[in-house]
Amino acid sequence: MSLKSGNAHRAPSRLRSPYAIGGLGVAVTAAVLATLVPATASTTDPDAGTGPAPASSVPHPERDWMGSTIAHHERTDPNALPRSTRAASVEGVDVSDHQGSVDWAALWDDNVRFAYVKATESTTYKNPSFASQYNGSFEQGMIRGAYHFALPDRSGGTRQADFFVANGGDWSDDGKTLPPVLDLEYNPYGATCYGLTASQIVNWIGDFTARVKERTGRQPLIYTTTGWWKTCTGNSSAFTERNPLWLARYAATPGPLPAGWKTHTLWQYTSSGPLVGDHNRFNGSLAGLRELASG
């Protein structure tokens, strides 16, 4: 019952209340304990530096896969087929928990020879299907790799890189493991560029890629669209000499590339392909793909 003002509902005096002394004792004890127990850690990621959002507040990571935001922001042709033939390139797929159990044998029979699997997002989400998908593609004979869905406003690039490498994003010099990938695309939770300036985005990418190189020995590929890159990095050319480009464009041709890159290494050309929606082409031969895996 709430206590209202007025004489009819006046609260008993603390000094006259039989519970006052006990309550005072509890308060004193609590004050003493407060000086002995460390303060509760903040829920905000301590490495953020780029935004106030807690690292744990990722509402639907299971719906964030490579290219999941593109159709909402760019003109696409989901029925377009690449004009190049498979003889001039190598077919691959990318998957996440969204696909669940994958029929790798059927994909192999359809000439798919490599796969990328979503490992992590931000610093809190780990794909629950990662092990089965990553190992399943490998056991089928495919060359496989892992990617990280970036949320640059949730925490710093170094922190997200550490989380990624520790949870599937590492690299093995076994000839069957492709370099790690940084997935940069439109923010699924708000402002297109995550509320960051172009220079902040570029610095974040620099921190992430440098940390992955330090931890794995490989420079990660950068997955993005030309539109997002121009909008959110100011069309930066800072990474073209060291980070291969994985271009996303759902059309018959790759189209214009972001500044500085003379060619693409991978091209995600559709999100509605057979068996698994997201299909990709390696820009070269199978021998070239194996060379990319070998570093």
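Located above this text is the structure these notes cover.
Residues numbered from 1 in each chain as written. Predicted model: local features only at pLDDT ≥ 70, side-chain atom pairs only at ≥ 80, totals over all residues. Heavy atoms only, no water.

Peer 1: What am I meant to see in the pattern of salt bridges here?
Peer 2: Close approach of charged atoms allows side chains with opposite charge to pair. Evaluated as defined, the whole model comprises 7 salt bridges. A salt bridge links Asp-153 to Arg-154; the shortest N-O distance between them is 3.6 Å. Across the pair, Arg-154 and Asp-153 agree in class, each one buried. In this structure, Asp-162 engages Arg-215 in a salt bridge whose closest nitrogen and oxygen atoms are separated by 2.7 Å. Taken together, the residues span a long stretch of sequence, with Asp-162 in helix α4 (residues 157-169) and Arg-215 in helix α5 (residues 198-216) at a distance of 53 residues. When salt bridges with common partners are traced through the structure, they connect Asp-162, Arg-211, Glu-214 and Arg-215 into a single cluster. (Salt bridge = Lys/Arg side-chain N within 4 Å of Asp/Glu carboxyl O. Buried < 20%, exposed > 50% of the residue type's maximum accessible area, 1.4 Å probe, protein only. Helix = DSSP H or I, 4+ residues; strand = E, 2+ residues; numbered from the N terminus.)

Peer 1: Would you explain the packing of α5 against helix α6 (residues 226-233) in this entry?
Peer 2: The interhelical angle for the contact between α5 and α6, taken along N-to-C directions, is 115 degrees, at an axis separation of 7 Å. Taken together, the axis directions place α5 and α6 in an arrangement best described as roughly perpendicular. Where α5 abuts α6, its residues Ala-198, Ile-201, Val-202 and Ile-205 lie against Trp-228, Trp-229, Cys-232 and Thr-233. Grouping the amino acids of the contact of α5 with α6 by side-chain chemistry returns 7 nonpolar, 1 polar and no charged. (Axes fitted to C-alpha atoms, helices over the stretch in contact; angles between N-to-C directions. Parallel < 35°, antiparallel > 145°, perpendicular 65-115°, else oblique. Contact = heavy atoms within 4.5 Å. Nonpolar A, V, L, I, M, F, W, Y, C, P; charged D, E, K, R; others polar.)

Peer 1: I tried to follow the state of the cysteines on my own but got confused; where do I start?
Peer 2: Two cysteines, two sulfur atoms, one covalent bond between them: this is a disulfide. Throughout the structure, instances matching the rule amount to 1 disulfide. Disulfide partner of Cys-193: Cys-232, at an S-S distance of 2.0 Å. Because the torsion about its S-S bond is -80 degrees, the bridge between Cys-193 and Cys-232 counts as left-handed. Separated by 39 residues along the polypeptide, Cys-193 in the loop between β5 (181-183) and α5 and Cys-232 in helix α6 bring together distant segments of the chain. Looking at Cys-232, the relative accessible area reads 1%, which means it is buried. (Disulfide = S-S within 2.5 Å.)

Peer 1: Quick question: what am I supposed to make of the pairing of strand β4 (residues 143-149) here?
Peer 2: Each regular strand shows side chains that alternate between the opposite faces of the sheet. Within β4, 7 of the 7 residues are buried, which leaves it mostly tucked inside the rest of the structure. Across the two faces of β4 the burial is the same, with Ile-143, Gly-145, Tyr-147 and Phe-149 and Arg-144, Ala-146 and His-148 all buried. Two elements, strand β2 (residues 112-121) and β4, share 7 bridges in a ladder whose sense is parallel. Bridge pairing in β4 links Ala-115 to Arg-144. Pairing of β4 with β5, which is carried by 3 bridges, proceeds in the parallel orientation. Bridge pairing in β5 places Phe-149 opposite Asp-183. (Pairing = 2+ DSSP bridges.)

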